[in-house]
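Overview (structure and organization)
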Amino acid sequence: MIISVASGKGGTGKTTIATNLAVSLGANVQLLDCDVEEPNAHLFIHPVVESVKTITTPVPEVDMGKCTFCRKCNEICQFKAIAVIGE
Ligand code: SF4
């Protein structure tokens with residue numbers, strides 16, 4: 001069985017619900033904290049960490065020496081996550 005606890009908004013109690021569910025379900029549980037910014041479920045359940053792997057998230061950068069402020073990136077981005085300000 002897979003139980004997902006998700007919300008787009010922070011501070012709604014996702015970690016509280018997920019960690020308490022995991023603890024109440026017993027020892028044969030995998031708790032995956034997929035918070036990309038600040039995973040912190042481990043602070044509440046104090047797991048035995050068997051291995052650690054460093055991961056990175058690529059962050060795009062605009063080469064301001066080449067940007068013409070054409071705003072095409074703003075038009076194309078399906079998430080409307082890019083704003084072009086100024087000229
Ligand atoms: S506005 Fe966006 S698409 Fe246009 S040149 Fe600059 S970075 Fe590229």
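Our structure's up above, just so we're on the same page.
Residues numbered from 1 in each chain as written. Predicted model: local features only at pLDDT ≥ 70, side-chain atom pairs only at ≥ 80, totals over all residues. Heavy atoms only, no water.

1. Points about helix H1 (residues 14–25)
Taking 1.5 Å of rise per residue, the twelve residues of H1 would be expected to cover 16 Å, and the 16 Å separating its terminal C-alpha atoms lies within 8% of that figure. At its buried positions, H1 is contacted by helix H2 (42–45). Positive phi shows up at Gly26, right after H1, with a value of about 105°. (Helix = DSSP H or I, 4+ residues; strand = E, 2+ residues; numbered from the N terminus. Expected span 1.5 Å × (residues − 1). Contact = heavy atoms within 4.5 Å.)

2. A look at the environment of Glu87
Summarising the element assignment, Glu87 is placed in the segment after helix H3 (72–76). Judged by relative accessible area, which is 84%, Glu87 ranks as exposed. Sequence separation of Glu87 and Ile17 is 70 residues, and the distance between their C-alpha atoms is 47 Å. (Buried < 20%, exposed > 50% of the residue type's maximum accessible area, 1.4 Å probe, protein only.)

3. Considering the side chain of Thr19
Looking at where Thr19 falls in the secondary structure, it is placed in helix H1. Residue Thr19 is classed as buried on the basis of its relative accessible area, which comes to 4%. Setting aside its immediate chain neighbours within four residues, Thr19 contacts Leu31, Ala41, Phe44 and Ile45.

4. Here we look at the site of the ligand
The environment of the ligand is formed by Cys67, Thr68, Phe69, Cys70, Arg71, Lys72 and Cys73. A class-by-class count of the residues in the shell around the ligand yields four nonpolar, one polar and two charged. (Near = heavy atom within 4 Å. Nonpolar A, V, L, I, M, F, W, Y, C, P; charged D, E, K, R; others polar.)

5. Focus on a nonpolar patch on the surface
Together, Met1, Ile3, Val5, Ile17, Leu25 and Val29 make up an exposed nonpolar region whose accessible area comes to about 620 Å². Note that Val29 resides in the loop between H1 and H2. (Patch = residues over 30% accessible without salt bridge, like charges linked within 9 Å, V, L, I, M, F, W, Y side chains within 5 Å. Areas by Shrake-Rupley, 256 points an atom, 1.4 Å probe, with all protein chains shown as cover. Salt bridge = Lys/Arg side-chain N within 4 Å of Asp/Glu carboxyl O.)

6. Side note on the environment of Asp35
Positionally, Asp35 belongs in the loop between H1 and H2. Its relative accessible area of 36% is what places Asp35 among the partly exposed residues. Separated by 25 residues in the primary sequence, Asp35 and Gly10 place their C-alpha atoms 10.0 Å from one another. Engagement of the side chain of Asp35 in a polar contact is seen with the backbone nitrogen of Glu37, the distance being 2.9 Å. Separated by 2.9 Å, the side chain of Asp35 and the backbone nitrogen of Glu38 make a polar contact. (Polar contact = N/O pair within 3.5 Å; in protein donor to acceptor, adjacent residues only side chain to side chain.)

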